[in-house]
Each structure stands twice: as structure tokens, then as C-alpha cells.
Protein chains: 4
Amino acid sequence: MSKTDFQPADDQFASRVQGSFARQGVMSFMGAKLGVIEPGYCEIHLPFKPELSQQHGFFHGGVIGMIADSAAGYAGYSLMASDAGVLTIEYKMNIVAPGDGELLITEGTVIKPGRTITVTRADVFAIKQGKRKLCATMLQTLAVRTGIPEFLG
Amino acid sequence: MSKTDFQPADDQFASRVQGSFARQGVMSFMGAKLGVIEPGYCEIHLPFKPELSQQHGFFHGGVIGMIADSAAGYAGYSLMASDAGVLTIEYKMNIVAPGDGELLITEGTVIKPGRTITVTRADVFAIKQGKRKLCATMLQTLAVRTGIPEFLG
Amino acid sequence: MSKTDFQPADDQFASRVQGSFARQGVMSFMGAKLGVIEPGYCEIHLPFKPELSQQHGFFHGGVIGMIADSAAGYAGYSLMASDAGVLTIEYKMNIVAPGDGELLITEGTVIKPGRTITVTRADVFAIKQGKRKLCATMLQTLAVRTGIPEFLG
Amino acid sequence: MSKTDFQPADDQFASRVQGSFARQGVMSFMGAKLGVIEPGYCEIHLPFKPELSQQHGFFHGGVIGMIADSAAGYAGYSLMASDAGVLTIEYKMNIVAPGDGELLITEGTVIKPGRTITVTRADVFAIKQGKRKLCATMLQTLAVRTGIPEFLG
């Protein structure tokens, strides 16, 4: 069963997301990986490494923001036509618990797709010894653009 | 002349900011450096490298968010007493132009310091061939905590 | 069945919400009414009147923001102890469709309750000829305070 | 001397702002008035009345949000061509002090005008016995639209 009711404009949406993600230098630098991709939905998984930490050994808040921005952006991008892309206009994120765990899973979901503006959200969960805990939630606004067939994180 | 009118609670504020920054693994991983530190004001400088890019070779939006969060957080932290610290509750950032340049300079400034809540802002500028252009602006809310004498990014 | 899993700290939570709401001059001025109140959940209903409009005869965006702020604030307040209250620190709202209808229904829900900070959300729906359409979504941060046993909108 | 360096696209910008403002039912309902209008800058003044209050007799946070949204929106609108208008996509506001005073003055300013997206800010000051105090600050994103030559609050 699908996680959303959205119909993709391009049935190659998953390979477009994968191709765009692979071209973002910062994602492999951090060690982020794509998870489930469905129309209007995208997961990013980020295993912990010390280079991603703040002083207490938790994931840095900026790192949490980065994968939340990307997961929500790719959720929006998954609904675009093959010649269109999305650009982050803005996002707002609340950190509700420390990023304490061996893995972060971010779930990006489209709230409202649009012709020129798409609104999305992301929830970030820290996985610690198999237990999953919400650590951040984000609201994001994307601009839809033709001629840049990518999500530009 | 000072950039703000704030009086620091602890005259060792600059060395506390430097020490905390040095303990954030992710800052050296990205290559970020502290710039000017004054009471209620903090700059972070980030030279470009391909690992920080999105597909078009610009700074990734998530990277912009990360240093904006940190510069604003350290601006808030600079006003804390020596036994207190700050934690990011939330932030909202607008990206107003691509992060296109050889250097990002982020200026974090305190808007309203408080006993339990401090509100800050950050402006991020891309420097390209010596020209400076606003690429993002952020509003941030920090929680003031005793017993965690750090900015926990 | 309850809409959330939260346990109220005070079993008089519903009458506290009703009392506080009744003391907010602006709610009766606008014609807003409380709907369902459960632990961590609060609805506000606002019938259309021309005084609440912008130029096209839709609900003004500021009016939408006002009842979203209040519904989310009362959701947070419903979980407080009898001697505590909440204050809005900040909120961020996306307007995803015009407020076009005879009634707005706002659903405020707690995302993460806390000892000093509570994070909430609200969704605003416009009801037009019986059809319900999302028109706005909000993320909100509340400060928990003892000695102000109210939600101060 | 002008408050900004922006050049208006339409030299009738001030009368367009005044006309649009006059058509917003909710502004006269609340008693809001336009102040200074310049290219990329707009003030709204709101005298206190009990109908605008929360329980402690201060301006309700939702009322503060409403005039901040409008002042920033009209700042953006002042730079539009005569056949274009703006729509609020989203805003985020921090309330930094209670709205305690006989008058609120909101200053809306354009941060970055654009062809399809304009980013603005607003600062809200409470005036009490002649003293001016910052009570809220907002970041806002507007969509530029042709065919709706108004700011649709």
C-alpha cells in the first residue's frame, strides 16, 4: 500500500530522485542514503559518525536540518514532470529532542503540491538500539521551476 | 566600535565560544571557522569545497542552514553566564539566492536575550570574486539552560 | 475514542480551556467558538462574516493565523497542571489555499509536550457547502510558565 | 531621505496600497491605519481597544500577527507593477515581549524582491506612554501574481 495518494506526473520519478541525490556532493560526504521513494514521499537515512556530531556526541542540529530539507525536497521533486525541478524557498524546523542514536531516518511528505509552489513537511527520527524517537519536525516551501530538472538542495 | 550594545555576563565570552566551537566535530569536518565574536554577535566563515555542494556546484542549502544555525546560536551563547548554555529550539530560514561563491560569511546577531528564551537572527552572504551578496536570512529561538555550559548545535 | 494518547495533568482541563477562551476579548469579537477539547487537542470554529475578509471576500490570512495560534495554544494548555499556563514564543504558518468558505475549522494538536517548551501544530480547514479543504498548516512553539495559569494568545 | 533604496515599478504605488488596504474589511474592523508608505516599506498603526486583547489586557498575539502579515505584504506590494499583486505564502513570527501599550506600530520592509517570490520582514513595536519596545519580529514569503493586482492578506 502506498504511503500517499498522489499520482506522479512522471513514472520515472524514483530514478530521477536517485540520480539527483547521487549528484549532491554533500550527501555522500555525510554518508546519507535514500530509503523508500514513493509519489510525494521520500526517506533519507543517515548513520551516525563522529564527524556529524556536536559536543555531546549527538547528531548536530544543522545535520538534522540538512537531511530534513533534502527528504522534504525530494518528496516534492517526486511529483514533478520530467522537465521540472524544485528549489527550497524556505523551511522552519523544530528540534524536539536530541539527535541521539546510531541512525537518523527522515520522512519527507508533500502536504500540498502546486503548479508554482509546493508545501512539504519532514519528520526526523533518531533510532537508538532499535527504538525510534521523534527528534525534529519541519515545514518547507518549495518553488517549482521548469528548466532545472532537479531538486536543488 | 562594537556591533551591538549588549553587555556580556561573562567577560571570557570569546574564549568560551571558541572552545565550544572547537568541540563541534561537524564544524572542522566542513571546514568552518569562527570570525568576529562580540557580545551578542558571531561570524562563521566557510570556504567552498566540492563536498559542500549540490548539483550545480553551489553551497548546499542544508550547509547554509547549518552555519546559520551555529552563528546565531553562538551569538546567543556569547551573552550567557559562565555556567549556562543554549540549545536550538527552532529556526526558520529563507534562501533568497543561490550559495554561489568561494566563501560564505554568516553573521549571527541577538535580537532579544532572555532568562529562558533568546531570539536571534542570522544573515548569510556569499562572497564571489570579492562581491558580497545576501543568500539567506534566518530567525532562530534558543533555550537558555544552566548545567549545559555550551551551545549545543 | 480519543484523538491523542496524552494524559492530562489536570482532569479539569476542558473547563480551564473554556474559561481562558471566554476571557480573550478578541475571540468573541471575531465570533470564534471552541469545538472539541481533548488532552493535547483543541478545535476552534469561526463562521464567516464580512468583517473577517480580505478584498476577495475570503477569510483574511491574519484571521486564519489568529485562530491557528489559539487552537494550537489551547491544545498545549490542555496538558498543563492547574497552576501553569502557556505563552506563544513563535509560530510559522503556510497558507496553502484561500480561506474560501462559510466556516473555518482549526485543529490544534500537541506534537511534543515538555516541562518548559511545548511544540504544537494546527491545521486550518475551510468548509464550503459541506466540503472540507485544507487552507493552512502551522508549527508553533509554546513556553510553559507557572504563575500564569492561562494560554496567553 | 527614503527608508530603502528600492525603485518602484509603478509610481502610483502609494495610492495602490491605500486602495487595497481600504478594501480589506478586517483592517477597519480592527481599527488599523496605514502609516508611512515608501517603495519596499509600509507601516501599519493599530490603536488599542479591549476587543483586541487577550486575558491580561494586552494585544492578542494573533492581532500582532495579522498586522505584521499585512505591513510586510504591503511593503512587497509597493514594488509591484500596476497589473501585479502579492499573496502570502507563509510567515514565521517570534513574539519577544507582550503587546503592552496604547498603540502598535508595525514596520514592514522588503528583504529581497523577486519576479515570482518576494521575501519581507516586519518588526512590531508597542508604544506605551511614548516609549517604544519591540514586541515581535516576522519573516514572510510572498508570491507575486499577475492578474490579482492586490495584496491579498
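Right above here is the structure, for reference.
Before going into details, it helps to say that this report is about the structure given with it. Residue numbers restart at each chain and count upward from 1, following the sequence in its written direction. By the order in which they are written, chains take letters starting at A while ligands take numbers starting at 1. Thresholds applied to this predicted model are a pLDDT of at least 70 for local features of residues and 80 or more for the giving and counting of side-chain atom pairs; totals over whole chains, interfaces and linings are not thresholded and use all residues.

1. Quick word on the relation of the copies chain A and chain B
Okay, so step 1: Least squares is used to superpose the copies, and the fit set is the C-alpha atoms of residues whose pLDDT is at least 70 in both copies. Superposition record for chain A on chain B: RMSD 0.0 Å, screw rotation 180°, translation along axis 0.0 Å. Such a combination of rotation and displacement between the chain copies is what one expects of a two-fold axis. Within chain A, the C-alpha atom positioned nearest to the axis of rotation is that of A:Lys92, 1.9 Å from it.

2. Brief notes about the interface of chain D and chain B
Okay, so step 1: Contacts between the two partners involve 10 residues from chain D, matched on the other side by 10 residues from chain B.
Okay, so step 2: By definition, any uninterrupted DSSP run of H or I lasting at least four residues is a helix, any uninterrupted run of E lasting at least two residues is a strand, and each is numbered from the N terminus. Only β3 (84-95), β4 (103-112) and β6 (131-146) of chain D provide two or more residues apiece to the side of chain D that touches chain B.
Okay, so step 3: The leading source of residues in the side of chain D that touches chain B is β6(D), at four residues.
Okay, so step 4: Tallied by class, the residues present in the side of chain D that touches chain B amount to five nonpolar, three polar and two charged. Here contacts are defined at the residue level, using C-beta atoms placed from the backbone and a cut-off of 7 Å between them. Following the grouping adopted for this structure description, the nonpolar residues are Ala, Val, Leu, Ile, Met, Phe, Trp, Tyr, Cys and Pro, the charged ones are Asp, Glu, Lys and Arg, and the polar ones are all others, Gly among them.

3. Regarding helix α3 (residues 61-77) of chain C
Each α-helix turn comprises 3.6 residues. Residues three or four places apart therefore point the same way.
Okay, so step 1: The length a helix should cover is 1.5 Å for every residue beyond the first. In a regular helix each residue adds 1.5 Å, so 17 residues correspond to 24 Å; α3(C) covers 24 Å between its end C-alpha atoms and thus fits that length.
Okay, so step 2: In this scheme the burial state of a residue depends on its C-beta neighbours within 10 Å: 20 or more other such atoms mean buried, 12 or fewer mean exposed, and anything in between means partly exposed; the C-beta positions come from the backbone. Counting buried positions along α3(C) gives 17 out of 17 residues, so the element sits mostly inside the fold.

4. Side note on the nonpolar core
In summary, soluble globular proteins display a tendency toward joint burial of nonpolar side chains.
Okay, so step 1: Among buried residues, those of type Ala, Val, Leu, Ile, Met, Phe, Trp, Tyr and Cys that are joined through C-beta atoms within 7 Å form a set called a nonpolar core. Among the nonpolar cores identified, the biggest contains 205 residues, and A:Ile67, B:Ile67 and D:Ile67 are the most heavily contacted of them.
Okay, so step 2: In contact with B:Ile67, other than residues within four places in its own chain, are B:Ala32, B:Ile44, B:Leu46, B:Leu104, B:Thr106 and B:Val124.

5. Description of unusual backbone geometry
Residue and element names in this part refer to chain B.
Okay, so step 1: The phi torsion at Gln 129 lies on the positive side, around 45°, for a residue other than glycine.
Okay, so step 2: Here Gln 129 is to be found in the loop between β5 (117-128) and β6 (131-146).
Okay, so step 3: Taking the number of C-beta atoms within 10 Å as the measure of exposure, Gln 129 has 6 and is therefore exposed.

6. Here's the deal with the interface of chain A and chain B
Okay, so step 1: Contacts between chain A and chain B engage 32 residues on the former and 32 residues on the latter.
Okay, so step 2: Looking at the side of chain A that touches chain B, the elements that each hand over two or more residues are α2 (25-30), α3 (61-77) and β3 (84-95) of chain A.
Okay, so step 3: It is β3(A) that contributes the most residues to the side of chain A that touches chain B, eight residues altogether.
Okay, so step 4: Split into classes, the residues belonging to the side of chain A that touches chain B amount to 11 nonpolar, 15 polar and six charged.

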